[in-house]
Amino acid sequence: TRVACPPPIRRQRRGISARRRLREFDVGDRFSRLPLPKASVLLPLTVRAGKLHLLLTVRAMQLRRSPGEVCFPGGKREAIDKDEIDTALREAKEEVGLQPEKVEVVCRLVPGIDKMNHVVTPVVGFIEDTFQATPNPDEVSDVFVVPLEYFVKPSNYKTLPYKTSSGYSGWMHCFIYDDHERKMSFKIWGLTAHFAVFLALVIFGKHPTFKVEYDLDNLISSAETNFMNLYASIYERKKSNL
Ligand SMILES: CCCC(=O)SCCNC(=O)CCNC(=O)[C@H](O)C(C)(C)COP(=O)(O)OP(=O)(O)OC[C@H]1O[C@@H](n2cnc3c(N)ncnc32)[C@H](O)[C@@H]1OP(=O)(O)O
Ligand SMILES: [Mg+2]
């Protein structure tokens with residue numbers, strides 16, 4: 001007689017193929033020596049009702065930078081951090097009470113660059129579905145989860161134009177996510193949306209319902225080229241200001 005696969009095993013299988021795809025995209029320490037200040041974010045993945053979800057935070061209103069914006073747990077590198085993973089785990093503990101030993105770190109993805117010209121490394125890790133966040137009110141006003149699939153198949157999406165101080169112009173993704181259970185809406189845009197979309201593309205390997213800045217047949221190399229073009233525009237500008 002055939003016995004139906006119990007939910008925990010099915011969940012594990014989903015996790016295994018996601019992990020395998022993520023490892024193919026691991027950049028390791030390839031971007032670690034770029035001469036710009038560093039920051040890291042943790043992209044915490046969790047399986048709820050059999051589906052991958054991403055945990056996000058809302059920044060406290062009293063923060064000097066980006067108050068009230070949605071972002072991943074994360075922050076600037078400190079001298080005690082030995083690498084980008086250390087920074088992400090330390091910040092996640094400080095901001096949402098996530099113990100580092102409760103995170104199964106899988107990879108580092110291609111970095112992004114924030115408004116203050118930090119190279120921001122996304123660190124991807126699995127966390128338990130039972131994790132209950134304890135937001136640090138100095139830095140975080142709310143914590144919520146979004147199904148990862150929303151970042152390839154959103155119901156409320158638009159693009160926003162932007163221009164950096166280095167003269168680099170482009171557009172950003174902007175998602176409105178309605179959390180029906182909590183009767184709340186969250187606006188996820190900019191660098192945070194950029195990381196969430198890339199993660200969803202890596203894991204699902206399918207075309208999103210909106211236009212993206214990558215060649216989807218060469219996702220790794222086009223992501224690296226996009227980053228290096230942005231980095232070069234900032235680096236050139238810094239040099240000419242010296
Ligand atoms: C060109 C793209 C730009 C955009 O995309 S804007 C669009 C939407 N917004 C986003 O996507 C958010 C993107 N930003 C980020 O993810 C983060 O800012 C980023 C880059 C990871 C940097 O991390 P932060 O969280 O800003 O840095 P951080 O965590 O190290 O510090 C935040 C501030 O908190 C302060 N802080 C730290 N511990 C504290 C404590 N115990 N009590 C009170 N304050 C505390 C800390 O000093 C810092 O303040 P400040 O920023 O230096 O004024
Ligand atoms: Mg932070």
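Residues numbered from 1 in each chain as written. Chains lettered and ligands numbered in written order. Predicted model: local features only at pLDDT ≥ 70, side-chain atom pairs only at ≥ 80, totals over all residues. Heavy atoms only, no water.

Per an unreviewed UniProt entry, the protein chain carries the name Peroxisomal coenzyme A diphosphatase NUDT7 and comes from Falco tinnunculus. Word for word, the UniProt comment on the protein chain under Sequence similarities (unreviewed entry) is "Belongs to the Nudix hydrolase family. PCD1 subfamily." (UniProt positions renumbered as here; feature names shortened; annotations may be inferred.)

On inspection of all chains with the given rule, the structure shows 12 aromatic pairs. Taking 6.3 Å as the distance between ring centres and 55° as the angle between the ring planes, the aromatic pair formed by Tyr 150 and Phe 175 counts as tilted. One end of the pair, Tyr 150, is in the loop between strand E8 (140–147) and strand E9 (157–163); the other, Phe 175, is in strand E10 (residues 169–179), and 25 residues separate them in sequence. Taken as a pair, Tyr 150 and Phe 175 share a single burial class, namely buried. When the ring of Tyr 150 is compared with that of Tyr 177, the centres are 5.1 Å apart and the planes differ by 75°; the resulting orientation is edge-to-face. Taken as a pair, Tyr 150 in the loop between E8 and E9 and Tyr 177 in strand E10 lie far apart in primary sequence, 27 residues in all. Of the two residues, Tyr 150 and Tyr 177, both sit in the buried class. An aromatic cluster is defined as three or more aromatic residues linked by ring pairs; in this entry it consists of Tyr 150, Phe 151, Tyr 157, Phe 175, Tyr 177 and Phe 210. (Phe/Tyr/Trp six-rings, centres within 6.5 Å; stacked < 30°, edge-to-face > 60°. Helix = DSSP H or I, 4+ residues; strand = E, 2+ residues; numbered from the N terminus. Buried < 20%, exposed > 50% of the residue type's maximum accessible area, 1.4 Å probe, protein only.)

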